[in-house]
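Descriptive structure summary
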Amino acid sequence: GQNIDQPTEMTATEGAIVQINCTYQTSGFNGLFWYQQHAGEAPTFLSYNVLDGLEEKGRFSSFLSRSKGYSYLLLKELQMKDSASYLCAVRDGGGSYIPTFGRGTSLIVHP
Amino acid sequence: DGGITQSPKYLFRKEGQNVTLSCEQNLNHDAMYWYRQDPGQGLRLIYYSQIVNDFQKGDIAEGYSVSREKKESFPLTVTSAQKNPTAFYLCASSSERQSTDTQYFGPGTRLTVL
């Protein structure tokens, strides 16, 4: 089975930096995804990590350490529109392309 | 424009009635999925299909049924056997040709059973 853990809720100030952590325990590993989901809408893809290290994409970066079963999503220069749920999803090593999703972290950005 | 659509956006049904949720994609993706999302929970996999005329149960398939007669379409039926059907239902598709291929999600259907 798989166990994916993320904080339930975080708050941050507009213009600040926030780091959302995700830890996982899986039988094998074949990639980790981060999605953003605004309330009542579809999740949208943010990033994919399969090798250790940092992937930067504009204001968003994602980090992976496979040996620690750990990833984080870093959001810089926070904007009000970044208020959303952030979903961590992990593919195990069983050959399936289907990821397992964590419960999501609800981020609230306030002025 | 290519994409994945779900209809309707909101659906109300009486307890004991079956209801079918629509999902269509024109991305030429082989794989399609149905997820259920409840407050405070992640996405839970109901059914998935990796090829036409074939589908597999996910983690919470009881009380649901699907069909995959066409590559573009993957409707989900919520039957009266589903004990707690009120939820947000998300359909997704992916090509599954490379490990980097991600899932694309439809806008979702919010089902309320009265």
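Residues numbered from 1 in each chain as written. Chains lettered and ligands numbered in written order. Predicted model: local features only at pLDDT ≥ 70, side-chain atom pairs only at ≥ 80, totals over all residues. Heavy atoms only, no water.

1. Looking at the pattern of salt bridges
All names here are of chain B.
- For the structure on display, the rule yields six salt bridges over all chains.
- D38 serves as the salt-bridge partner of R44, at 2.8 Å between the closest nitrogen and oxygen.
- What makes R44 partly exposed here is its relative accessible area of 29%. (Salt bridge = Lys/Arg side-chain N within 4 Å of Asp/Glu carboxyl O. Buried < 20%, exposed > 50% of the residue type's maximum accessible area, 1.4 Å probe, protein only.)

2. Comments concerning the interface of chain A and chain B
- Facing the 18 residues of chain A at the interface are 24 residues of chain B.
- In total, chain A and chain B occlude about 1600 Å² of area from one another, counting both sides; carbon and sulfur atoms represent 57% of this.
- Taken together, the connections running from chain A to chain B amount to zero salt bridges.
- On the surface where chain A and chain B come into contact, there are four residue pairs in polar contact (both at pLDDT 80 or more).
- Per-element accounting of the side of chain A that touches chain B gives the leading share, three residues, to strand β4 (residues 32–37) of chain A.
- When its residues are assigned to classes, the side of chain A that touches chain B shows 11 nonpolar, four polar and three charged. (Contact = heavy atoms within 4.5 Å. Buried area = accessible area lost by both parts, 1.4 Å probe. Polar contact = N/O pair within 3.5 Å; in protein donor to acceptor, adjacent residues only side chain to side chain. Helix = DSSP H or I, 4+ residues; strand = E, 2+ residues; numbered from the N terminus. Nonpolar A, V, L, I, M, F, W, Y, C, P; charged D, E, K, R; others polar.)

3. Section: the sheet that holds strand β8 (residues 76–78) of chain B
Residues and elements named next belong to chain B.
- If you trace the four strands from one edge of the open sheet to the other, you get β1-β3-β8-β7, paired in antiparallel fashion. Here the strands that pair on one side only, and so sit at the sheet edges, are β1 (4–7) and β7 (64–66). Each strand of the sheet is rotated relative to its neighbour by a mean of 20°, with strand direction disregarded.
- With four bridges joining them, β1 and strand β3 (residues 19–25) adopt antiparallel strand pairing. Paired with Q6 across the bridge in β3 is C23. (Pairing = 2+ DSSP bridges. Axes fitted to C-alpha atoms, helices over the stretch in contact; angles between N-to-C directions.)

These figures capture arrangement, not role.
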